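# Geometric and topological summary
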Amino acid sequence: VAVGMQGLGLMQAALAAGAAALDRGDAAEARRQFERALALEPGIALGRRGLERVAALPAVRKLLAEAAAREEQGQVAAAATAYRQALQLEWEVQR
């Protein structure tokens, strides 16, 4: 389904709003916005990747919390490993 000029603007706005919501950690709003973009243009890769990032957010948050706890306990190597895992997971879903 090709979108017209107005639909294109709405889709771009939804993608931008979804990305901003992810940056704020608001997974529910990010999901709504990426789904809105996909409703306007079902094949849009940025919308699919956005939903993949939303799905990965709980795991990333868990790894970051684990890393912070390990760091506070003085377990630097374990903290570094958890931070790397969080970054790797985030990187994988952004490709």
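Calculation rules
Residue positions are given per chain, counting from 1 as you read along its sequence in written order. Restriction of local features to residues with pLDDT of at least 70 applies here, the model being predicted, together with a cutoff of 80 or more for giving and counting side-chain atom pairs; totals for whole chains, interfaces and linings are based on all residues. Only hydrogens and water are removed before side-chain values are computed, so all heavy atoms of the structure are retained for them. Elements are defined by DSSP. Helices are runs of H or I of four residues or more, strands are runs of E of two residues or more, and each kind is numbered from the N terminus. We compute the radius of gyration over the C-alpha atoms and compare it with the globule rule, which gives 2.2 Å times the number of residues raised to the power 0.38. Three labels apply to residues, based on accessible area from a 1.4 Å probe with only protein chains included: buried if under 20% of the type maximum, exposed if over 50%, partly exposed otherwise in between. Only the protein chains shown count as cover for residues, and the accessible areas themselves come from Shrake-Rupley with a 1.4 Å probe. His is not counted here, nor are the chain ends, while Lys and Arg score as positive and Asp and Glu score as negative. Where a charge lies is defined by one atom per residue type, namely NZ (Lys), CZ (Arg), CG (Asp) and CD (Glu). The convention used is that axes are lines fitted to C-alpha atoms, helices contributing only their stretch in contact, and that angles between N-to-C directions extend from 0 to 180 degrees. Angles below 35 degrees are treated as roughly parallel, those above 145 as roughly antiparallel, those between 65 and 115 as roughly perpendicular, and all remaining angles as oblique. Polarity classes work like this: nonpolar for Ala, Val, Leu, Ile, Met, Phe, Trp, Tyr, Cys and Pro, charged for Asp, Glu, Lys and Arg, and polar for all others, with Gly in that last group. For salt bridges, the criterion is a side-chain nitrogen of Lys or Arg within 4 Å of an Asp or Glu carboxyl oxygen.

Of regular secondary structure, the chain possesses 4 helices and 0 strands. Reading the chain from its N end, one meets helices and strands in the order α-α-α-α. Relative to its length of 95 residues, the chain is extended, with a C-alpha radius of gyration of 16 Å against a globular reference of 12 Å. Considered along the principal axes of its C-alpha atoms, the chain spans approximately 55 × 20 × 15 Å. In the chain, which comprises 95 residues, the proportion classed as buried is 32%. Taken as a whole, the chain presents about 5900 Å² of accessible surface, with 57% of it coming from carbon and sulfur. Charge centroids of the chain, computed over 12 positive and 11 negative side chains, lie 2 Å from each other.

A few words now on the packing of helix H3 (residues 45–72) against helix H4 (residues 76–94). One can describe the packing of H3 onto H4 by two numbers: an axis separation of 8 Å at closest approach and a directional angle of 175°. As far as their axial angle goes, H4 and H3 are roughly antiparallel. Its residues assigned to classes, the contact of H3 with H4 comprises 14 nonpolar, 2 polar and 7 charged.

On to the environment of glycine 7. Mapped onto the fold, glycine 7 is located in helix H1 (residues 5–24). As for glycine 7 and alanine 37, which are separated by 30 residues in sequence, their C-alpha atoms are 9.3 Å apart.

The next subject is the pattern of salt bridges. One pass over the full model with this rule turns up 3 salt bridges. In this structure, arginine 24 and aspartate 26 form a salt bridge, with 4.0 Å as the shortest nitrogen-oxygen distance. Accessibility expressed as a relative area gives 30% for aspartate 26, which makes it partly exposed. Between arginine 32 and glutamate 29 there is a salt bridge whose closest N-O contact spans 2.8 Å. Taken together, the positions of arginine 32 and glutamate 29, both in helix H2 (residues 27–40) and 3 residues apart, correspond to about one turn of that helix.

Remember, this is a structural readout, not a statement about activity or role.
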